[in-house]
Amino acid sequence: GEFEGTTVRLLRLRSPFNHVDWKGDWSDSSGFWTPELRAKLNRKKEENVFFMSFEDFSKFFGQVIVAMVRNDFKFSGIISEIQPHHSKLFRLVVNTSSFYFISVHQPHVRGVNAHHVQIILGMEVERPDYVTAVARADHDVWLCSSLAPGEYLLWVKVALPDGFSEEITISCYGQDLVEMEELPPAPDVLPRLYMSRAKIYSDLLEPIEGQPNILKAQDILDEGFGYIYYQNRSNVEFREEIFLKEAIGVRLRKPHRGQSTTVVVPKNTETIVIFKLSPDRFKVQLATNYTIDSRK
């Protein structure tokens, strides 16, 4: 457009942060706006939407990400403060079937690289059902999934260094608004999600040698976890010792610790052992040894 006879390049932007407003040139309160320009650009008050000159944009933004925009999609978001070594859990209530883009946004800080983010989505029914997951180091980490109406759980963890905290924005983009709320920590959610996944991918289940009614599956996943899942359909108790040999970038997740652990699977039950994998590099060899207690 033109302003006082000079061509001005303007960008129309939306902020993901509800509490941050642009206050420079061409902001809502800027004196540069005239009634004619407002009418020409259809400038009206919109929540989190603002104009900025191309020169200011180039000055204050160091990265541009191209995103899909659909006029029939709606944006929902929630802000949460995250701490090192702690995950966050959110409930999402979906009312309309649609493809939804779910993202975790970290603020851009000059000179600071994006931290590694893990996102795991499950549907909350009688027990959480694994839907999908993603993990990578980026300021905007997202996943896309076709979701039916219902309640979902979103598990999020950001690999922050000690002594560092930050606000992240969790957002959903789809054909309808999504109700979002933060939940208290629930240590059992992750094991339940991965037990659900192990049963979804049942082709990985194989009987223990000599024990046709005791099944086992193990997998390494791109979202930074691995697991060993046990399903005991027999009438005896199953015990297995697991040894981590030559382990690099691999740790057992609570309640298991150290370089070895013993897994106890009572009759007609299931359990899972989860491994945390370094996003940089991991290597491990597993050795196992099992025993059967027919008295239990």
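Scroll up for the structure.
Residues numbered from 1 in each chain as written. Predicted model: local features only at pLDDT ≥ 70, side-chain atom pairs only at ≥ 80, totals over all residues. Heavy atoms only, no water.

Participant: For this particular structure, what's the right way to read the nonpolar core?
Facilitator: If you look at soluble globular proteins, the nonpolar side chains tend to sit buried side by side. Core analysis: the largest hydrophobic core is formed by 25 residues, its most contacted members being Leu-92, Ile-102, Ile-119, Leu-121, Leu-154 and Ile-170. If you list the elements that add at least two residues to this core, you get β5 (74–82), β6 (87–94), β7 (98–105), β8 (116–124), β10 (140–147), β11 (150–158) and β12 (166–174). At four residues, the largest contribution of residues to this core is made by β11. Among all residues touching Leu-92, those that are not within four sequence positions of it are Ile-102, Leu-121, Gly-150, Glu-151, Tyr-152, Leu-154, Cys-172, Val-178, Glu-179 and Met-180. Core analysis: the next-biggest nonpolar cluster, separate from the first, contains 22 residues, Leu-183, Leu-221, Tyr-227 and Ile-274 among them. (Core = buried A, V, L, I, M, F, W, Y, C linked by side-chain atoms within 4.5 Å. Buried < 20%, exposed > 50% of the residue type's maximum accessible area, 1.4 Å probe, protein only. Helix = DSSP H or I, 4+ residues; strand = E, 2+ residues; numbered from the N terminus. Contact = heavy atoms within 4.5 Å.)

Participant: Could you clarify how one ought to interpret the sheet that holds strand β16 (residues 225–232) in this entry?
Facilitator: As a general point, the strands of a sheet are linked pairwise by backbone hydrogen bonds and lie either parallel or antiparallel. A sheet is described by the order of its strands in space; here five strands give the open sequence β14-β15-β16-β20-β18, paired in antiparallel fashion. Every other strand in the sheet has two partners, leaving β14 (206–208) and β18 (250–252) as the edge strands with one partner each. Pairs of neighbouring strands in the sheet enclose a mean axial angle of 30 degrees, with direction left out of account. With eight bridges connecting them, β16 and strand β20 (residues 269–277) associate as antiparallel partners. In the sheet register, Tyr-230 faces β20, and the bridge partner there is Thr-271. (Pairing = 2+ DSSP bridges. Axes fitted to C-alpha atoms, helices over the stretch in contact; angles between N-to-C directions.)

Participant: So what exactly am I meant to see when it comes to the environment of Met-68 here?
Facilitator: Mapped onto the fold, Met-68 is located in the loop between α2 (54–60) and β5. When the C-alpha positions of Met-68 and Arg-43 are compared, they lie 22 Å apart, and in sequence the two are 25 residues distant. The contacts of Met-68, once residues within four sequence positions are left out, are Phe-73, Phe-101 and Tyr-173.

Participant: Can you walk me through the environment of Cys-172 in this structure?
Facilitator: Mapped onto the elements, Cys-172 comes out in strand β12. Each C-alpha atom of the pair Cys-172 and Gly-77 lies 6.3 Å from the other, and the pair is 95 residues apart in sequence. Ignoring any residue separated from it by four or fewer positions in sequence, one finds Cys-172 in contact with Lys-74, Phe-75, Ser-76, Leu-92, Phe-101, Ile-102, Val-178 and Met-180.

Participant: In this structure, what is going on with the sheet that holds β12? I would like to understand it.
Facilitator: Read across the open sheet, the four strands follow the order β5-β12-β7-β10; overall the sheet is antiparallel. Across the chains shown, the open sheet's two edge strands, defined by having one partner strand only, are β5 and β10. The sheet shows a mean angle of 15 degrees between the axes of neighbouring strands, direction not considered.

Participant: How should I be thinking about the layout of surface pockets in this particular structure?
Facilitator: Unfilled space is identified by rolling a water-sized probe across the atoms. Of the volumes computed, that of the largest pocket is approximately 2100 Å³. Forming the walls of the largest pocket are 47 residues, and the residues nearest its centre are Arg-14, Ser-15, Pro-16, His-105 and Asp-140. Of all elements in the fold, only β3 (10–14), β4 (49–53), α2, β7, β10 and β12 reach the threshold of two or more residues within the lining of the largest pocket. For the lining of the largest pocket, the per-class residue count stands at 25 nonpolar, twelve polar and ten charged. What lines the second largest pocket is a set of 44 residues, among which His-85, Trp-155, Lys-157, Arg-253 and Lys-276 lie closest to the centre. Contributing elements (two or more residues each) for the lining of the second largest pocket: β6, β8, β11, β13 (179–183), α3 (189–200), β18 and β20. Looking at the lining of the second largest pocket, the element that brings in the most residues is β20, giving six residues. When its residues are assigned to classes, the lining of the second largest pocket shows 23 nonpolar, twelve polar and nine charged. (1 Å grid on protein atoms, 1.4 Å probe; cavity = no way out; pocket = protein on both sides within 12 Å on 5 of 7 lines; lining within 4 Å. Points joined across faces, edges and corners; volume = space filled by probe spheres on them. Nonpolar A, V, L, I, M, F, W, Y, C, P; charged D, E, K, R; others polar.)

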